[in-house]
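# Observations on chain architecture
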Amino acid sequence: MFELHDAGISKRRRITGYVLSLLPSLAVLGSGFIKFFPNAEIHLLLEQLGMADHAVLIGLIEIGCVLLYWSPTTSNVGFFLFCSYIGGIIVGELIIGDFPLPGLAIGVMVYVGTILRKPSLLA
């Protein structure tokens, strides 16, 4: 009943969906873990956003979103939470004054990868 992909989709589509979903998941997971360790560059970026004091909480949220996304029982809710978090990444990049290419790329890969694996989310 709970699957990370819908039944009846081709193997090629399923593998492409998993690859497109896994790459940004690893990036966000790594970003979450790095927030637990002192890092001047990360601290500076979070300071520009006024969130340096919340680095550990942000890391926990990142890790939580990825875990919910990859858990078969919570993957649908995790998908929407993950997409919402990616929206926050894009806004943060805009506030800092950067073009939000990393956030947009992550968002597109998560969305396209998930829809390739679970087209029932569109219904």
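Above: the structure in question.
Residues numbered from 1 in each chain as written. Predicted model: local features only at pLDDT ≥ 70, side-chain atom pairs only at ≥ 80, totals over all residues. Heavy atoms only, no water.

Okay, the environment of Ser 71 next. Its place among the elements puts Ser 71 in the loop between helix H3 (55-70) and helix H4 (75-96). Judged by relative accessible area, Ser 71 falls into the partly exposed class, the value being 24%. Spatially, the C-alpha atom of Ser 71 lies 8.8 Å from that of Glu 3, the residues being 68 residues apart in sequence. (Helix = DSSP H or I, 4+ residues; strand = E, 2+ residues; numbered from the N terminus. Buried < 20%, exposed > 50% of the residue type's maximum accessible area, 1.4 Å probe, protein only.)

In this section: a nonpolar patch on the surface. Judged by side-chain polarity, Phe 33, Phe 36, Phe 37, Val 56, Leu 57, Leu 60 and Ile 61 come together as a nonpolar surface patch covering roughly 670 Å² of accessible area. Broken down by element, the residue count for the nonpolar patch peaks at four residues, all from H3. (Patch = residues over 30% accessible without salt bridge, like charges linked within 9 Å, V, L, I, M, F, W, Y side chains within 5 Å. Areas by Shrake-Rupley, 256 points an atom, 1.4 Å probe, with all protein chains shown as cover. Salt bridge = Lys/Arg side-chain N within 4 Å of Asp/Glu carboxyl O.)

Attention now goes to the pattern of salt bridges. Close approach of charged atoms allows side chains with opposite charge to pair. In the structure shown here, the tally under the stated rule is one salt bridge. The salt bridge involving Lys 35 is made with Glu 62; its shortest N-O contact spans 3.3 Å. Note that Lys 35 is positioned in the loop between helix H1 (11-34) and helix H2 (40-48) and Glu 62 in helix H3, a separation of 27 residues in sequence. Overall, the relative accessible area of 3% leaves Glu 62 in the buried class.

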